Structure formats: structure tokens, C-alpha cells
Amino acid sequence: MDPEYASVNGRKRPQRPQRTHREVADELRARIRSGELRPGQRMPTQAKLADEFGVERGAVRQALRILQSEQLLTNVAKGAPATVAGHPGGAPTGPEAPPRPTTAALAPRVAAAFEAEHVEIDSVCLTAASLTLAIGEPLRRIHAGRMKPAKVDVRVLLPGRDIDLAFPVAVEDSGHGRGGGRDDGRGEDPVHERWLAMRNAQGQVLRHHLLALRATHGVDVRVTFRALPFTPPVKLYLLNGVEALFAYYTLSRGEDRIGEENVQTYDAQGSRSALFAFERDAGVRDGAFVTQSRLWFDALWETISSELRLTR
């Protein structure tokens, strides 16, 4: 037998039919962090892991995806052996991990979500810029033939074009925190117009790249945007109904070049916002947060949101 595909500890374990995918992930995580499974080592096939732990292959795939989202494994694909990531034991990962900036934390989580047959991503954000960037990695894997979901559903809630944004807003128009960025469609507020152009551009790019999967790979894709009548003070990403990623938009004062002028603004750097991760199966509190976040999103989507046009 090829030693690369031998049992991870050199011997068969008694089957434990009652194990969950979370327990399988916990056991494999412990072996990786202890050094029993080394960086670069090939894991056993999913069939061998299912036999060792006495679970269905679906539970093994879920466990491997969890470890991939924690950056402990790479190359997780249906039926193929995964690989232990390089330098996996450093910083804490999973539910115990500290929050990380959106740019670092979101992409691997989204990539792991795309391992599912039916990918479901819901998002509340200011421009969809972070989500558009995060989609890049799973798109590369799909085009490389390393994954192929059957269906992708993406729903995004963004601020409407005709509201008075709380931020970004020019300092002189802010009313010391009362809000005041205007958008009456006539270009009277350059800060608002710049935000609107970014919102539309990022949304169009996200939609274009995802819908292209229909023609190139036959993936059933649906991308829908709706407009909120307010500025969201937080950003939220829901992945396959099992994970919620949450961050606060923290405002700061800065200076931006808009047109021919330097403008003092109040704005938030969403890409730098610390992203907190909650997993449905990580405990009562995490599970409740994921459930309530989904209820909150669905309520906004089905009630006060409206049709959104990604045009000027």
C-alpha cells in the first residue's frame, strides 16, 4: 500500500458510527497540530477516512472543509486526498481564533464554501468590494478544474442609491454625526457619487464573473441584489447556512482626492474591518448567532429592501 494513503496513525481505529463531522474535524485538527500529520503530507482518501471514523463520506467532506476554512488543509476536492497546509500550527484557528481583517479572513472561508454542491452566500455590505475579491480564489479553482459546484446562489443587500448615507460623507455635510450625504441623482454630492460608482462597479464585476460560470462550466448561477433604505453599520456574510462572518464598520476621519479637490470625509475601511467567525456547529452561542443572522437577513430581504439597479 502506498504510505501516502495509509491510515493517518498507521492502524485502523474501531468504527464509531455516532461521530459527527465536527468530531472528525476535531480529531484531524489535533493530529495536525501535534505534528502527527506533517505539512505537505497527503491525507488518506475520503473513503479511507470514512471507514476509519465509521461515518459517511459526506461527514468526512464537511470535516475537511472546516479544516480547509481554517487553513489547515489545501486541495480539498470531492473524492480526492487533501494535503496538510504548510506551517499549519501557528495562530489559533476555528471558533477560538481571534478576528482577522476582512481581506485575510474572508477569501479562505468563501473558497471553502464553494466546495459544496450547492453554494449559498448572503451578504449585507456597503459596496461588495470585499466579497468580489474573495470570490476570486474559488473562481480560479473552478477554472482549473479543482472544484465544480452544481449550483451557486448569491444574494447581496447594499444601500440604495437615493438615500442619505450616514457614511461615506463629507465632514462639512455630516452635521457632526447626523448624516447628510445626499443622492438626488443629479451629482450634487461628489462623495456620494464616488461611493455609488464603486457600489455599481463592484456589483457588476461580481455578477459578471459568477454568471460567466454558466457558459464556461455549466454551473447553475443566480446573483441577486436588493437595496436597503439605510446605511448598514455592520457587514455580514452567511455561507451555506452554516457560517456567519460579522464585522463592524468603524468610522474615521480622512482626506480623499475627489475630482480636483481634497475633501475631508468620514468613512470606514471595510476591507480592514475585523471579521468575527461563527459556526453553526461550534456550540450553542455560535449556532444561535448563525440562525439569528439568517433570520435578520431574510427579514430585510423580504420586507423593506427594494429592487436595486447597478447603473447610474
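Predicted, not measured: the structure shown is a model, and the values here were computed from it.

Thresholds, definitions, all that
- Residues numbered from 1 in each chain as written.
- Predicted model: local features only at pLDDT ≥ 70, side-chain atom pairs only at ≥ 80, totals over all residues.
- Heavy atoms only, no water.
- Axes fitted to C-alpha atoms, helices over the stretch in contact; angles between N-to-C directions.
- Helix = DSSP H or I, 4+ residues; strand = E, 2+ residues; numbered from the N terminus.
- Parallel < 35°, antiparallel > 145°, perpendicular 65-115°, else oblique.
- Contact = heavy atoms within 4.5 Å.
- Nonpolar A, V, L, I, M, F, W, Y, C, P; charged D, E, K, R; others polar.
- Expected span 1.5 Å × (residues − 1).
- Buried < 20%, exposed > 50% of the residue type's maximum accessible area, 1.4 Å probe, protein only.
- Arc of directions from axis to C-beta.
- Patch = residues over 30% accessible without salt bridge, like charges linked within 9 Å, V, L, I, M, F, W, Y side chains within 5 Å.
- Areas by Shrake-Rupley, 256 points an atom, 1.4 Å probe, with all protein chains shown as cover.
- Salt bridge = Lys/Arg side-chain N within 4 Å of Asp/Glu carboxyl O.
- Lys, Arg positive; Asp, Glu negative; His and termini not counted.
- Charge placed at Lys NZ, Arg CZ, Asp CG, Glu CD.

Asks: How should I be thinking about the packing of helix H2 (residues 46-53) against helix H3 (residues 57-69) in this particular structure?
Replies: Any two packed helices are characterised by how steeply their axes cross, that is the angle between the axes, and by the distance between the axes. Two elements in contact, H2 and H3, have axes whose closest approach is 9 Å; the angle formed by their N-to-C orientations is 105°. By the criterion of interaxial angle, the relationship of H2 to H3 is roughly perpendicular. In this structure, H2 contributes Gln46, Ala47, Leu49 and Ala50 to the contact, and H3 contributes Arg57, Val60, Arg61 and Leu64. Here the residues of the contact of H2 with H3 are counted per class, giving five nonpolar, one polar and two charged.

Asks: What's the story with helix H8 (residues 284-302) in this structure? I'm lost.
Replies: In an α-helix, one full turn covers 3.6 residues, which means residues spaced three or four apart are oriented alike. Spanning 19 residues, H8 covers 27 Å between terminal C-alpha atoms, matching the ideal 27 Å at 1.5 Å per step. Those residues of H8 that fall on the buried side of the exposure criterion are Asp286, Gly287, Val290, Ser293, Phe297, Asp298, Leu300 and Trp301. In a view along the axis of H8, the buried residues occupy a sector of 165°, so they form one face of it. Facing away from the buried surface of H8 by more than 90 degrees, the exposed residues are Val284, Arg285, Gln292 and Glu302. On its buried side, H8 packs onto strand E4 (118-124), strand E5 (151-159), strand E7 (220-228), strand E8 (234-239), strand E9 (243-248) and strand E12 (274-279).

Asks: Would you mind going over a negative patch on the surface with me for this structure?
Replies: Judged by side-chain charge, Glu172, Asp173, Glu260 and Glu261 come together as a negatively charged surface patch. Within the secondary structure, Glu260 sits in the loop between strand E10 (251-258) and strand E11 (261-268).

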